[in-house]
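Reading the structure
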Amino acid sequence: MQFIFPPQEQTVLPIRGSDEVFPVNRVYCVGRNYAAHAIEMGHDPNKEPPFFFQKNPDNLLVEGEGFPYPAMTQDVHHEIEMAVALKSGGNNIAVADALDCVFGYSVSLDMTRRDLQAQMKKAGRPWEIGKAFEHSAPCGALVPASEIGHPDSGAVWLKINGEMRQEGDLNQLLWKIPEMISYLSDLFTLKAGDVILTGTPSGVGPVQRGDKMHGHVAGVGDLRVDVI
Ligand code: MN
């Protein structure tokens, strides 16, 4: 087989303490997975359960690079999230078996063009232009579950220029990680290399060029990204 042009490079994530890298397949995101964030966005978490959308693998931005303020927006928001990286997948995965699919975890950001997302919501159109743009998913090095286990509680926070903006706890997730893997596997065929952003706690807000974002997930680590 001969390609008519060279294929795009495989997106990879670094692994903490290893020279090996994690090849990324799909990137799934969970929306409104913390009740306080659903409420701040004007929704009732009791009436509207979480839901899923996707980003593109090449939207990932590896820690160490700046986040370029994107085009066509005046209102880019930060959303701190824990990411889950899969080493195996399948369909109809039972909740009890779901954590066996997990390679590890990292600290990530679901950067969002909130103004474009709001326009699309209002028009009943898909969210891609608000969510799945270049560099929209900064992601730290993966930490293997074999080292840290499977975190289900602990602080999740984001500071901007040293000031606390978002604070939550993994124990507030509406869809727990095994549940979201199981549910996604009913909708899609999950594969090794898939990454799931697990939703953001309350306190989302805009960033400006020059801002220094510092995210943290207890037991997983830190992510530092500058807006450039
Ligand atoms: Mn999000």
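Our subject is the structure listed above.
Description of the structure in this document.

Here is what the cut-offs are and how they apply
- Residues numbered from 1 in each chain as written.
- Predicted model: local features only at pLDDT ≥ 70, side-chain atom pairs only at ≥ 80, totals over all residues.
- Heavy atoms only, no water.
- 1 Å grid on protein atoms, 1.4 Å probe; cavity = no way out; pocket = protein on both sides within 12 Å on 5 of 7 lines; lining within 4 Å.
- Points joined across faces, edges and corners; volume = space filled by probe spheres on them.
- Nonpolar A, V, L, I, M, F, W, Y, C, P; charged D, E, K, R; others polar.
- Donors = N, O, S within 2.8 Å, 3.2 Å for Na, K, Ca; no water.
- Helix = DSSP H or I, 4+ residues; strand = E, 2+ residues; numbered from the N terminus.
- Buried < 20%, exposed > 50% of the residue type's maximum accessible area, 1.4 Å probe, protein only.
- Pairing = 2+ DSSP bridges.
- Axes fitted to C-alpha atoms, helices over the stretch in contact; angles between N-to-C directions.

1. Brief notes about the layout of surface pockets
- Roughly 280 Å³ of volume is contained in the largest pocket.
- Grouping the amino acids of the lining of the largest pocket by side-chain chemistry returns four nonpolar, four polar and three charged.

2. Structural notes on the coordination of the manganese ion
- Around the manganese ion, the protein contributes the donor atoms E79 (OE), E81 (OE) and D110 (OD), which lie 2.0 to 2.1 Å from the metal centre.
- The sequence pattern describing where the donors of the manganese ion fall on their chain is E-x1-E-x28-D. Taken together, the positions of E81 in strand β7 (residues 80-86) and D110 in the loop between β8 (102-109) and β9 (112-113) put the pair 29 residues apart, joining distant regions of the chain.
- What makes E81 buried here is its relative accessible area of 0%.
- D110 gets classed as buried once you look at its relative accessible area, which sits at 0%.

3. Brief notes about the sheet that holds strand β13 (residues 163-169)
- Read across the sheet, four strands follow the order β13-β12-β16-β17 without closing on themselves; strand pairing throughout is antiparallel. Only two strands of the sheet have a single neighbouring strand rather than two, namely β13 and β17 (221-226). Neighbour to neighbour, the strand axes of the sheet diverge by 15 degrees on average, direction disregarded.
- Where strand β12 (residues 155-160) lies against β13, six bridges are found, and the strand directions are antiparallel. When the bridges of β13 are listed, L158 appears paired with Q166.

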